[in-house]
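The chain contents come next:
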Amino acid sequence: MPRFRFAPVLFLFLLFMACSAMRAQSMGGAGSIIGTVTDVTGAVIPGATVTLTNPVSGYLRTQKTSPIGQYQFNNVPFNNYHMSVAAPGFNSAEQDAVVRNGIAIAQQWKLSVTTSSTTVEVESNGGDLINNTPNVSTEIDSSAIEKIPTEGSSSALSSLITMATPGIAADSNGLFHPQGEHADTSFSVDGQPITDQQSRQFSNQLSLGAIQSMQVISGVAPAEYGDKASLVIVTVTKSGLGTGKPHGDLSYSYGSFGTNILNGDLSVGNGKYGAFTSVNGVNSGRFLDSPEFVPLHDYGNVESLFERLDDQFSQNDSLHLNLSVSRSWAQTPNQYDQNAIGQDQRQEIKSFDIAPTYTHLFNASTLLSSNAWVRQDQVHYYPSSNPFADTPATLKDTRRLTNFGSKTDISYAKGIHSFKGGFSIDQTPLAEAFSIGITSPVYNSPCVNAQGSPDPATVITSPSQCAALGDTPNPNYQAGEAKFDLTRGGTIGQFGGTTDIKEEAAYLEDEIHWKNWTGSAGLRADNYNGITRRSMVEPRAGVGYNIQKSNTVLRGSYGKFFLTPYNENLIVSSDTGLGGLANNLGAYGQTPLKPASRNMFSTGFQQAFGKYIAVTGDYFWKYTQRDFDFDVILNTPLAFPIQWKQSKIDGYGIRVNLTQIHGVSAYSVLGHTRSRFFGPEIGGIIFNNPNQATATLPFRIDHDQNFQQTTHMQFQPKANGPWYGFNWTYESGLVAGNAPYAINNTTPVSLTYLTADQQQQIELTCGSVRATLSAPLTACAPNLLSSPLLRLPAPGTFNADKNPQRVAPRNLFDMSAGWDNILQRDHYKMGITLTAVNLANKYALYNFLSTFSGTHFVTPRTLTAQLNFVF
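We now turn to the structure provided with this report. Note that this is a predicted model, so its numbers are computed, not measured.

Cut-off values and rules
Going along each chain's sequence as written, the residues are numbered from 1 onward. Reporting of local features is limited, given that this is a predicted model, to residues whose pLDDT is at least 70; pairs of side-chain atoms are given and counted only at 80 or more, and all residues count toward the totals for whole chains, interfaces and linings. For side-chain calculations, the full set of non-hydrogen atoms in the structure is used, while hydrogens and water are omitted. Segments assigned H or I by DSSP are reported as helices when at least four residues long, segments assigned E as strands when at least two residues long, and all are numbered from the N terminus. Summary of the burial criterion: residues with accessible area below 20% of their type's maximum are buried, those above 50% are exposed, and those between are partly exposed, where the area comes from a 1.4 Å probe applied to protein chains only. A positive count includes Lys and Arg, and a negative count includes Asp and Glu. His and the chain ends are not counted in either. To locate a charge, the coordinates of NZ of Lys, CZ of Arg, CG of Asp or CD of Glu are taken. When the centres of two rings from Phe, Tyr and Trp lie within 6.5 Å, Trp using its six-membered ring, the rings pair. Their planes under 30 degrees apart give stacked, over 60 give edge-to-face, and anything left gives tilted. Look at NZ for Lys and CZ for Arg. If either is within 6 Å of the ring centre and within 35 degrees of the ring normal, a charge sits over the ring. Only buried Ala, Val, Leu, Ile, Met, Phe, Trp, Tyr and Cys residues count toward a nonpolar core, and they belong to the same one when joined by side-chain atoms within 4.5 Å. A pair of strands is labelled paired if DSSP reports no fewer than 2 bridges between them. Here, axes are lines fitted to C-alpha atoms. For helices the fit covers the stretch in contact, and angles between N-to-C directions go from 0 to 180 degrees. The term salt bridge refers to a pairing of a side-chain nitrogen on Lys or Arg with a carboxyl oxygen on Asp or Glu at a separation within 4 Å. In this description, the term disulfide denotes a pair of cysteine sulfurs within 2.5 Å. Whether two residues are in contact is decided by their heavy atoms, any of which lying within 4.5 Å being enough.

### Focus on the overall build of the protein chain
For step 1, the next point in the chain: A tally of helices and strands in the protein chain yields 7 helices and 50 strands.
For step 2, the next point in the chain: Its C-alpha atoms put the protein chain at 105 × 55 × 45 Å along the principal axes.
For step 3, the next point in the chain: Considering the protein chain as a whole, with its 871 residues, one finds that 59% of them fall into the buried category.
For step 4, the next point in the chain: Seen as two clouds, the 57 positive and the 66 negative side-chain charges of the protein chain have centres 4 Å apart.

### Some thoughts on helix α3 (residues 156–164)
For step 1, the next point in the chain: Among the 9 residues in α3, 8 count as buried, and that is most of the element.
For step 2, the next point in the chain: Among the residues of α3, those classed as buried are A156, L157, S158, L160, I161, T162, M163 and A164.

### Considerations on the packing of aromatic side chains
Each aromatic ring pair is specified by the distance between its two centres and by the angle formed by the two planes.
For step 1, the next point in the chain: Tallied over the full model, the rule gives 21 aromatic pairs.
For step 2, the next point in the chain: With 5.1 Å between their ring centres and 55 degrees between their planes, Y619 and W621 make a pair best called tilted.
For step 3, the next point in the chain: Taking the relative accessible area as the measure of exposure, Y619 reaches 28% and is therefore partly exposed.
For step 4, the next point in the chain: Through a chain of ring-to-ring contacts, the aromatic side chains of F202, Y566, F628 and F630 assemble into a single cluster.
For step 5, the next point in the chain: Above the ring of Y59, the side-chain terminus of R61 is found at 4.5 Å from the ring centroid.

### Comments concerning the nonpolar core
For step 1, the next point in the chain: Membership of the largest hydrophobic core comes to 46 residues, with the highest contact counts inside it found for V232, L395, F434, F561, I633, L638 and F640.
For step 2, the next point in the chain: The element that contributes the greatest number of residues to this core is strand β34 (residues 639–661), accounting for 5 residues.
For step 3, the next point in the chain: Residues L157, A164, I168 and L231 belong to the second largest nonpolar core, which totals 22 residues.

### A short note on the sheet that holds strand β5 (residues 79–86)
For step 1, the next point in the chain: Reading across the sheet, the 4 strands line up as β3-β2-β5-β6 and stay open at both edges, with antiparallel pairing between neighbours. If you trace the sheet from one side to the other, it starts and ends with β3 (59–64) and β6 (93–99), each paired once. The average angle at which neighbouring strand axes cross in this sheet is 20 degrees, direction not considered.
For step 2, the next point in the chain: As judged from the 7 bridges shared by β5 and β6, these two strands associate in the antiparallel manner. Its bridge partner lying in β6, V85 is registered against A93.

### Re the pattern of salt bridges
For step 1, the next point in the chain: Under the defined criterion, the tally for this structure stands at 29 salt bridges.
For step 2, the next point in the chain: Note that R488 is salt-bridged to D485, the shortest N-O span being 3.0 Å. The same class applies to R488 as to D485, namely buried.
For step 3, the next point in the chain: When the shortest N-O distance is used, the salt bridge between D618 and R555 registers 3.3 Å. Of this pair, D618 sits in strand β32 (residues 613–625) while R555 sits in strand β30 (residues 552–563); the two residues are 63 residues apart in sequence, bridging distant segments of the chain.
For step 4, the next point in the chain: The network of salt bridges with shared partners includes E181, D184, R598, K622 and D627.

### A word on the state of the cysteines
For step 1, the next point in the chain: Tallied over the entire structure, the rule returns 2 disulfides.
For step 2, the next point in the chain: Two residues share a disulfide in this structure: C447 and C466, whose sulfurs sit 1.9 Å from each other. One quick way to see it: the torsion about the S-S bond of C447 and C466 is about -90 degrees, and its sign makes the bridge left-handed. Of the two residues, C447 sits in strand β25 (residues 447–448) while C466 sits in the loop between β25 and β26 (472–473), which places them 19 residues apart along the sequence. Each of the two residues, C447 as well as C466, counts as buried.
For step 3, the next point in the chain: The connectivity of the disulfide bonds within the protein chain can be written as 1-2, 3-4, using the sequence rank of each bonded cysteine.

### Quick notes on unusual backbone geometry
For step 1, the next point in the chain: For the peptide bond that leads from T391 to P392, omega is 5 degrees, which places it in the cis range.
For step 2, the next point in the chain: Relative to the helices and strands, P392 is located in the loop between β22 (366–382) and β23 (393–414).
For step 3, the next point in the chain: The residue after G679, namely P680, is reached through a cis peptide bond having omega 5 degrees.
For step 4, the next point in the chain: Along the chain, P680 turns up in strand β35 (residues 664–683).
For step 5, the next point in the chain: Backbone geometry places D190, a non-glycine residue, at a positive phi of 50 degrees.
For step 6, the next point in the chain: Secondary-structure assignment places D190 in the loop between β12 (185–189) and β13 (192–194).
For step 7, the next point in the chain: Judged by relative accessible area, D190 falls into the buried class, the value being 1%.
For step 8, the next point in the chain: Positive phi, close to 60 degrees, is recorded for D227, a residue that is not glycine.
For step 9, the next point in the chain: Position of D227 among the secondary structure elements: in the loop between β14 (211–217) and β15 (231–237).

### Structural notes on the pairing of strand β9 (residues 137–141)
In the case of a regular strand, side chains alternate between the two sheet surfaces.
For step 1, the next point in the chain: For β9, the tally of buried residues reaches 5 of 5 residues, placing the bulk of the element in the interior.
For step 2, the next point in the chain: Inspection of the sheet shows β9 paired to β14 by 5 bridges, in the antiparallel sense. Each residue of the ladder has a partner; that of I140, found in β14, is M214.

### Some points on the sheet that holds β14
For step 1, the next point in the chain: With mixed pairing, 5 strands are arranged side by side in an open sheet as β9-β14-β15-β12-β13. In this open sheet, the two strands that pair with only one neighbour each are β9 and β13. Along the sheet, successive strands turn relative to each other by an average axial angle of 20 degrees, direction set aside.
For step 2, the next point in the chain: The pairing of β14 with β15 spans 6 bridges and is classified as antiparallel. Across the sheet, I211 pairs through a bridge with T237, a residue of β15.
For step 3, the next point in the chain: Across the sheet, α3 is in contact with β9, β12, β14 and β15; its angle to β14 comes to roughly 50 degrees.

### Re the environment of I832
For step 1, the next point in the chain: Residue position: I832 is located in strand β47 (residues 829–837).
For step 2, the next point in the chain: We classify I832 as partly exposed; its relative accessible area is 32%.
For step 3, the next point in the chain: For the pair I832 and A87, spaced 745 residues apart in sequence, the C-alpha separation works out to 34 Å.
For step 4, the next point in the chain: Beyond its immediate sequence surroundings of up to four residues, I832 is in contact with A817, G818, W819, I822, Q866 and L867.

### What to know about the environment of P776
For step 1, the next point in the chain: Positionally, P776 belongs in the loop between β41 (769–770) and β42 (779–780).
For step 2, the next point in the chain: Through-space distance from the C-alpha of P776 to that of S850 is 21 Å; in sequence the pair is 74 residues apart.
For step 3, the next point in the chain: Setting aside anything within four residues of it in sequence, one finds P776 in contact with A756, Q759 and A771.

### As for the environment of I140
For step 1, the next point in the chain: By secondary structure assignment, the location of I140 is in strand β9.
For step 2, the next point in the chain: Those residues in contact with I140, other than ones at most four positions away along the chain, are I145, L160, A164, S213, M214 and V216.

Distances and angles like these do not, on their own, reveal function.
Written out as structure tokens, the structure is:
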């Protein structure tokens, strides 16, 4: 594989940092609040307690004023906040603050003298629970991140986003489907855009321990954000700036399947310099979600290091550098039949990221921010040492994805306007090598026998030989795959390729606040130059109105989006030349994947009930030309991008928040999606359902789900005492397009296309006879076919658009309990947390023979105990 040389890139970074004669201020996704506390005569008040809080996200910070009465909150996520100041001998005061950009907000205080001692308790009102913006978003703070029960694996970030955001359907291995799309998600980490996939089968995720807060935008995103924007996750990392003496925490957990987790972080800094370090390690006997409920061949580990350095050179200038490196190694989980012959496929991922950010505050209204970055994912997928220990095929995949670029913008806030404009340029060199050899004689047999099963005879090399053996031609036979069939004289098929993708974008947006109205208008232009080329101009607009008397916000928005193909295995999926796999391995159509266009509409409301309950609801419509998906190969983590002619998706998302009252807080997120796709399909390697690949009629894609909800409740009777958490998740079931079904009331259902292992996975039953590994079913009468893990249409009622096969509904329950300060110390704290995931040990599937992700079971009951030391 050709090697990408980093010397030019590193030189650019050194040049960037050396030329930063001006110094920087606040980072992407966060701002700051500064001010002075005085008495009515203007004398400063040192040691006053300033409190900053958002009751919905759970954000809470306190700070003492300096000897000259000043305070400064850095790294404050964009949001609405309630503030209070208290000092002995003075009356307390409260006011609200809104952080919309990186420009520092000045909040000055004058306290009057009191003759009686008072105890201040900060309370919010209904107005603090709503946010008058045209965009739909969910804010998650680190205080909530630490207490929501999640599976302690390398995909904790994805699990948290799925459980806290409405309109997201969960899938296996940390994958999730935002608003009916495959994985149409972008991250903005301290201003660095990341549009490549971050689930654990494609990359190594940022550790939750490094995250200060997240704003998850699920509506029409502002013009600053482009490409994959069904979900935009604006992430602010933790900083050591202004934290004082070194402090941090160290935790160790042990749980089911021999899972060991070690986490640690350290913060140190003053008003000018700051350093934050986070380390994370996981080792587990159930690292990836398994195709069997009992994990087989499923060990894995991940190690990661994150470092953030801040240097506040002056009042107006600062420099910030993010550094991260990670590695993961995992066995590919086996099915029973694969485990019996000793299959030993594995995957290794190595990732790093270098991302400096520079900002300069020209004046109280104007801020310049500039990001640069280089990041890389190297993925190596290894076959078994003996090719015939792999079934039904031996696979090898090596790919390198490198992305480097820069992004610069200027923010200007004056009066009712908040302008932001900027541009970005980035480059993504890709290198891929892929090989395949079929090792099972029944996988692509040219003939089927009298029972309809593939004939395993290796002497058969062509459908023309079927009649002589009393067989009939196999309707699913792929002639192009014959050259790679090792059981019939074929050889290993190999592919290698490189390409370089260049992208440029420019954007301008304005948010206008006038009386009770908020309006947004933006324009974005994108240019994509990769395997294919396309450019587009994308307008964005939205409006919100706050009915203050009833604490109601009404809003609506429109946006046009430019979506680019997924980069993972893009070259092999798009190849059309001689020897290319597109003509040989079952891909339908020989056209390289092209950028897509989307029109999206959103309308909704936000309503506060009293000062404790807030409800957010939004309905969306998305119309996409050339929408993207993925095609998994043989139930492995190897996935290849594909493209459909168009999609029409609509649905709703609702979030209900109960802010803390008497130690109880809760939220519930709900969603419904109708995800309709239209053929034909192009790209990929092997498509699991060829009938849909060439069809033009609409069908429900396998990330369509009628309804899902997650409810989280937390209870802490005393501030320094034990706390308790509970999750309830309901999923109505994703589409399972390759599950069997009866076309009418009389024709027997042929089951020979399912292996014995696949049949036993879903406990397939014909009347009173259940399929086993040694006795699979071959056919079944329409009215006798059933599976407790699937929801099959009644005989004769199947409709790919209105009534497809689905995974059976499931209810999952998780619980956690902890005590963060058992010893009741101020400086050194010991804590313990107990977590149970899938408390009822529910036997259920995420998916079955999914084109997108194969077959995987939900996590069995998992118990974890964690010890934590804070210093």
